[in-house]
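Descriptive structure summary
Chain residues, written in single-letter form:
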Amino acid sequence: MTDTAEHDDQVTDEDRGTRLRERRLAAHRTARRVFARFGFHRTLRERLAVLAEAEDVHDLDELSDVYGDGVVEVLETKVAGLLGTEAAVFFPTGTMAQQVALRCWAGRTGNPAVALHALSHPEVHERNALSEVAGLRPVRLTGEPRLPTAAEVRDFEEPFGALMLELPLRDAGFVLPTWEELTEVVEAARERDAVVHFDGARLWESTVHFGRPLEEIAGLADSVYVSFYKSLEAFGGAALAGPKELVEEARAWRHRYGGMVFQQFPTALSALVGLERQLPRLPEYVAHARVVAAALREGFAAAGVPWARVHPEVPHTHDFQVWLPYEPDVLAEAAVRTAEETGVVLFGSAWSRGGPGLALTEVHVRAAGLEWTAEDVKAAVAEFTARLPERVR
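Residues numbered from 1 in each chain as written. Predicted model: local features only at pLDDT ≥ 70, side-chain atom pairs only at ≥ 80, totals over all residues. Heavy atoms only, no water.

1. Some details on the sheet that holds strand β10 (residues 352-355)
Ordered by their spatial adjacency, four strands build an open sheet running β8-β9-β11-β10, and the pairing between neighbours is antiparallel. Every other strand in the sheet has two partners, leaving β8 (309-311) and β10 as the edge strands with one partner each. Within the sheet, the average angular offset between the axes of one strand and its neighbour, ignoring direction, is 35 degrees. Sheet topology places strand β9 (residues 319-324) next to strand β11 (residues 358-364); six bridges connect them, and they run antiparallel. Residue pairing in the sheet places Gln321 in a bridge with Glu362 of β11. Of the strands in this sheet, β8 and β9 are in contact with helix α14 (residues 282-302), which crosses β9 at around 10 degrees. (Pairing = 2+ DSSP bridges. Helix = DSSP H or I, 4+ residues; strand = E, 2+ residues; numbered from the N terminus. Axes fitted to C-alpha atoms, helices over the stretch in contact; angles between N-to-C directions. Contact = heavy atoms within 4.5 Å.)

2. Here's the deal with a negative patch on the surface
Residues Glu55, Asp59, Asp61 and Glu62 make up a contiguous surface patch of negative charge. Mapped onto the elements, Glu55 comes out in the loop between α3 (44-52) and α4 (71-83). Judged by relative accessible area, Glu55 falls into the exposed class, the value being 58%. (Patch = residues over 30% accessible without salt bridge, like charges linked within 9 Å, V, L, I, M, F, W, Y side chains within 5 Å. Areas by Shrake-Rupley, 256 points an atom, 1.4 Å probe, with all protein chains shown as cover. Salt bridge = Lys/Arg side-chain N within 4 Å of Asp/Glu carboxyl O. Lys, Arg positive; Asp, Glu negative; His and termini not counted. Charge placed at Lys NZ, Arg CZ, Asp CG, Glu CD. Buried < 20%, exposed > 50% of the residue type's maximum accessible area, 1.4 Å probe, protein only.)

3. A word on the nonpolar core
Ranked by size, the top nonpolar core spans 61 residues in total, and within it Leu83, Phe198, Trp204 and Phe228 carry the most contacts. Not counting residues up to four positions away in its chain, the partners in contact with Trp204 are Leu82, Leu83, Leu214, Val226, Ser227, Phe228, Leu232, Leu275, Leu279 and Leu282. Within the second largest apolar cluster, 33 residues are counted, among which are Leu20, Val305, Leu346 and Trp351. (Core = buried A, V, L, I, M, F, W, Y, C linked by side-chain atoms within 4.5 Å.)

4. Structural notes on the packing of helix α5 (residues 94-109) against helix α12 (residues 244-256)
Axis separation between α5 and α12 bottoms out at 9 Å; the angle between their running directions is 120 degrees. With respect to their mutual orientation, α5 and α12 come out oblique. In the crossing of α5 with α12, the sense of the turn from one axis to the other is right-handed. Touching Met96, Val100, Arg103, Cys104, Trp105 and Arg108 of α5 are Glu245, Leu246, Glu249, Ala250, Trp253 and Arg254, all from α12. A class-by-class count of the residues in the contact of α5 with α12 yields seven nonpolar, no polar and five charged. (Parallel < 35°, antiparallel > 145°, perpendicular 65-115°, else oblique. Left-handed = near helix turned anticlockwise from the far one by under 90°. Nonpolar A, V, L, I, M, F, W, Y, C, P; charged D, E, K, R; others polar.)

5. Overview of the environment of Trp253
Relative to the assigned elements, Trp253 resides in helix α12. Each C-alpha atom, one on Trp253 and one on Arg103, is 9.2 Å from the other, the two residues being 150 residues apart in sequence. Beyond its immediate stretch of four places on either side in the chain, Trp253 contacts Val100, Arg103 and Cys104.

6. A few points about the sheet that holds strand β3 (residues 137-140)
Strands sit in the order β1-β7-β6-β5-β4-β2-β3 across an open sheet of seven strands; the sheet is mixed. Whereas interior strands pair on both sides, the edge strands pair on one side only; in this sheet they are β1 (87-91) and β3. This sheet shows a mean twist of 25 degrees between the axes of neighbouring strands, independent of strand direction. Across four bridges, strand β6 (residues 223-227) lies against strand β7 (residues 238-242) in antiparallel orientation. Across the sheet, Ser227 pairs through a bridge with Ala238, a residue of β7. Here α5 sits on the sheet in contact with β1, β2 (113-116), β4 (162-166), β5 (195-200), β6 and β7, set at roughly 180 degrees to β5.

7. Thoughts on unusual backbone geometry
For the bond from Leu167 to Pro168, the omega torsion is -5 degrees, close enough to zero to count as cis. Mapping Pro168 onto the fold places it in the loop between β4 and α9 (179-191). Put simply, His311 and Pro312 share a cis peptide bond, and its omega is -10 degrees. Relative to the helices and strands, Pro312 is located in the loop between β8 and β9. Even without being glycine, Asn128 reaches a positive phi, approximately 60 degrees. Along the polypeptide, Asn128 turns up in the loop between α6 (121-125) and α7 (129-132).

Structure below.
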């Protein structure tokens, strides 16, 4: 055995994954065509330029914020106005914002049980924070890849104080209910004397699917959390919006949680920039995501790839899933090679196992994606499938 072969044998799956991620990010950085160029793909200098361009949204000659005043208060007022709520409070993370919201509601209802989806963010991505930190008791309404139904809420076998709905439900494919289904679910919760909280990390882009303005959507819930970085391209941060009394209590809990940060002006300014520049463009991104999704379906059909799926078939937002019948590492390598050799990134996110011989990835369409025509997408699919191993195809 050669030294090289011995070395390859010693490389772990984690090492291979790290190298592949580095290659993917490097290819994305230099690519001439991508669907989205996120802020975290940019250099520190490029990110700082966002602040230099913030003069259009806030007076940069004002004193900087201290423990949540100044520009942070301006952002809170802006969010409350957009969502039609009495007040809003800034949080450094959405995880903290939702824990605080739900524990405040538990204190008011006297019931620590929170009804939610098995694929919701607190259940999948927060290391049991609702129970371990907030002292709440999550109960799962369903694990189906859709939002809970009114019947599931109405007929659930035990009481709960709050219903949390993630809109859209990211891990199910960025899916949303219909407007009628959503209103029925909310009514079912009210019948059980439960409050309703929206995990609206991506609520901003849900207006197209619902055909309703933000304030009408948010108005269904007792409280709403929104993120500033997922679609608005801010540096980070979140807000909890709702009744004034709830927001004031949330400020106290934010302090207890360590979220009363001395200065947040970079994040707050970048959020104001996002609300000014990105928010108005989200409907355009959603519309074009549907063009991209249709072209992907047609491209894989033309390439003869068996059981290729775009989910949802017509995206509910500007994000959606693609499912292909191959192992994740095979697809990841083909995606990176395509990007490196053609300068075109068709799939810029990681691939996850969806079952034996089945994998999925997420596609995100933003401003850069508007440059793609349907024919561009189909051509990129042909390049990608040509790099899949013949024995697999």
